[in-house]
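# Architecture and fold: a report
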Amino acid sequence: MSNAVELDNIVKKYGGVIAVDRVSLEVEKNTFFSILGPSGCGKTTILRIIAGLETPDAGFVKMDGSIVNNVPPEKRGVGLVFQGTAVFPHMNVFNNIAYGLKMRKVPKHEVEERVRNVMRLVNLPPEVYGARRVDQLSGGERQRVEIARSLVLEPKVLLLDEPLGPLDFKIRQKMQAELKRLQKTTATTFIYVTHDQTEALSLSDKIAVMRRGKVVQVGTPEEIYNNPSDQFVADFIGESNLLEGRVEGGFFYAEGLPPIALNSQAVAGGKAVIAIRPERVEMLGAEKMENHVNGVVVDKTYQGVYTVFRVQVGKEHVFTVYVTRPDVARQFAVGDSVVIGWRSSDCMMVGGL
Amino acid sequence: MRLSRRALIILLLPATLFYTVFFIIPFFISFGVSLGIFLPSDVQISRGELITLRYYEQVFDQIFLRVFLRSLALASATTALCLLIAYPMAYYIAVKAVRYRNFLLLLVIMPLWVTFLLRAYALLTLLGPEGFVNGVLLSLGLIQQPLFLIYNETSVLIGMVYSYLPLAILPLYSTLVRLDKTVIEASRVLGAGPLKTFFKVTLPISRPGVFAAVLLTFIPAAGEFIVPSFLGGPNEVYVGTLIYNAFLAARNWNWGAAMSIVYISVVLLGVVLYLRLVGEELRV
């Protein structure tokens, strides 16, 4: 089976600046695929290239196995959802959603029916919203109009450019669930651009992490989180305690720290960087763990779900530790001497080697 | 924001005073003159009429009505041409040339810094028998004798379009610059080609700008005096020149005033109808 979208060595420059640098991606059919990266990493440009709104300077865009580089946007059969800003202000909700169908000269009664169906699908009851003017809608409702407007055309691929960006937290969560549901029920390939790692982790089947125009890692959310390919991914997806040092005989040596036992799989020697997730570091009973160090609590911040401790170890290292259990968090205060520890399996090799 | 009545009065006082002294009072004086209440002519005095419609009867003469219609046609043609030239220009400045936007806008506004009179003179020398255009064509050997480019309808129209173009560009620019680019892109992705996108999305959204541009060019163009009298020469008669001549050449103030009142009424009626039709959108 051919991929829904395939990018082959795509390059895009603006003036002298390289926005997209030899990006190759394969997006399988009927998946929720996210492109995740900080702002300016080229993720939106990739989306626009897939939509046909930008022409790549080099490389091929393939859809369903055939090259579409020269196909104009109106003929690509993809849907594109912006942040709710691209609804047509001079049309009511019904006409916004019917726009693409009218362009395709779909018979009137069919337009009526399909628009009504898709409006129900995105929770905009046609009886209530059909005649409503766009400027009477909330941000979330506009967003749904945009999604409906694309979905009604039953595109093979739906591109979403940070669609939930401007919405507040509660509506975001609701819309996230709705997007996931829509992706499953419509069996459409979603390509979702975001800088929000939590969003990407919770929604996606697969994630491509981008940095400075390049794809640095592609994988499932679990792979990306538990097995980051480099320091950047380890630090961008979630938080990480990064340590630089040397690997020798199954141990990791960093300045100012005792030898750290590594997972037996990591046997090669040489310079390396390891990452340890803050939620994997223990503060209670750490003396008995295979890796533990002594430190002093220098900061304690309550975050609701967990409490963030900063622990100074030696002169050079500050460890970040998430403590989820409030009874444990209460036992430690700023200035306390503590022992923190972690398992060898929680050391992720992210660089060097 | 709600203003208290006192604030409203204070804020509107200067404008009200100015327009009362320099517009409303002169207007009613003209109105009085047109009815013979002020400055009655000798004929009127000899007949003992204190108020009369005789000057209006002079206005409703075929020749004069034709001049009226001609002026309205000139104003309409000017407006139409201005829109046709201004829209793509405004679109380019607002949507495409983001980096040079301010510079290009400056170029658009710059002619407005020079007085109208000078610009009319400039065009006269440009298009005249020994002007730049003829000079180039002659030296290229494209023509043997200078073309007669001034003192005709075309030169008047060129002058009018040249004068009013900035007034059409600015309102169009201000609506187009607010247009979200993603709206246009969305239309493309939804299956509309560039032309369809223009007629279904871009143009409808920029309607307020079009309506404002029409208003801003048509009204002053309808009463234009300088351009036709400079570039039209003695043979091209429009309302402006007609009224001017009535006052200063024929020295028949009653007749001139009556003509002014009739023409103002016609234009005003047109504007009121126009605002009724599109006023809702201009407010946006």
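Residues numbered from 1 in each chain as written. Chains lettered and ligands numbered in written order. Predicted model: local features only at pLDDT ≥ 70, side-chain atom pairs only at ≥ 80, totals over all residues.

Here we come to helix H8 (residues 153–176) of chain B. Under the 1.5 Å per step criterion, the end-to-end length of H8(B) is 33 Å for 24 residues, consistent within 8% with the ideal 34 Å. Most of H8(B) sits inside the fold, with 18 of its 24 residues counted as buried. (Helix = DSSP H or I, 4+ residues; strand = E, 2+ residues; numbered from the N terminus. Expected span 1.5 Å × (residues − 1). Buried ≥ 20, exposed ≤ 12 C-beta atoms within 10 Å, placed from the backbone.)

Once that is clear, we can look at the confidence of the model for chain B. Residues and elements named next belong to chain B. For chain B, per-residue confidence averages 90 on the pLDDT scale, and residues scoring 70 or more make up 99% of the total. Taking the mean pLDDT of every element in chain B, the minimum, 86, falls on helix H6 (residues 116–127) and the maximum, 94, on helix H10 (residues 194–205). Across the assembled chains, the prediction reports ipTM 0.79 with pTM 0.79. (pLDDT = per-residue confidence, 0-100.)

Taken domain by domain, chain A holds domain 1 (5–228) and domain 2 (239–352). The distance between the C-alpha centroids of domain 1 of chain A and domain 2 of chain A comes to 39 Å. (Domains from an automatic or database assignment.)

All names here are of chain A. Strand order in the open sheet made by the 6 strands is E6-E7-E8-E3-E9-E10, with mixed pairing throughout. On the outer flanks of this sheet lie strand E6 (78–81) and strand E10 (214–219), each paired with one strand and no other. Taken pair by pair, the neighbouring strands of this sheet meet at an average axis angle of 15 degrees, ignoring direction. Here strand E3 (residues 32–36) pairs with strand E8 (residues 189–194) via 5 bridges, running parallel. Paired with phenylalanine 33 across the bridge in E8 is isoleucine 191. Of the strands in this sheet, E6 and strand E7 (157–161) are in contact with helix H5 (residues 139–151), which crosses E6 at around 175 degrees. (Pairing = 2+ DSSP bridges. Axes fitted to C-alpha atoms, helices over the stretch in contact; angles between N-to-C directions. Contact = placed C-beta atoms within 7 Å.)

Time to look at the interface of chain B and chain A. By a frequent convention, interface size equals the accessible area lost on bringing the separate parts together. Taken together, the contacts link 15 residues of chain B with 18 residues of chain A. When contributions to the side of chain B that touches chain A are tallied by element, the ones reaching two or more residues are helix H9 (181–189) and H10 of chain B. Looking at which element gives the most residues to the side of chain B that touches chain A, the answer is H9(B), with 6 residues. Looking at the side of chain B that touches chain A residue by residue, the classes come out as 8 nonpolar, 3 polar and 4 charged. (Nonpolar A, V, L, I, M, F, W, Y, C, P; charged D, E, K, R; others polar.)

Residues and elements named next belong to chain A. Taken together, the 4 strands give an open sheet; going across it, the order is E2-E1-E4-E5, and neighbouring strands pair in antiparallel fashion. With partners counted over all chains shown, the strands left at the sheet margins are strand E2 (17–27) and strand E5 (66–67), one partner each. Sheet topology places strand E4 (residues 58–63) next to E5; 2 bridges connect them, and they run antiparallel. Looking at E5, one finds that methionine 63 is bridged to serine 66.

Before going further, it helps to examine the pairing of E7(A). Residues and elements named next belong to chain A. Counted residue by residue, E7 has 5 buried out of 5 residues, so it is predominantly covered. Residues Val157, Leu159 and Asp161 of E7 are buried on one face, and the alternating residues Leu158 and Leu160, pointing to the opposite face, are buried as well. Across 4 bridges, E6 lies against E7 in parallel orientation. Along E7, the bridge assignment pairs valine 78 with valine 157. In the sheet, E7 pairs with E8 via 5 bridges, with the strands oriented parallel. Within E8, the position partnered with leucine 160 by the bridge is tyrosine 192.

This part takes up the confidence of the model for chain A. Here chain A averages 90 in pLDDT, while 98% of its residues score no lower than 70. Between the elements of chain A, mean pLDDT differs from a low of 80, seen in strand E19 (residues 348–352) of chain A, to a high of 96, seen in E3(A).

On to the environment of A:Arg114, then. Residues and elements named next belong to chain A. One can find arginine 114 in helix H3 (residues 108–121). Separated by 101 residues in the primary sequence, arginine 114 and lysine 13 have C-alpha atoms spaced 40 Å apart. When neighbours within four sequence positions are excluded, arginine 114 is seen to be in contact with Leu101 and Val152.

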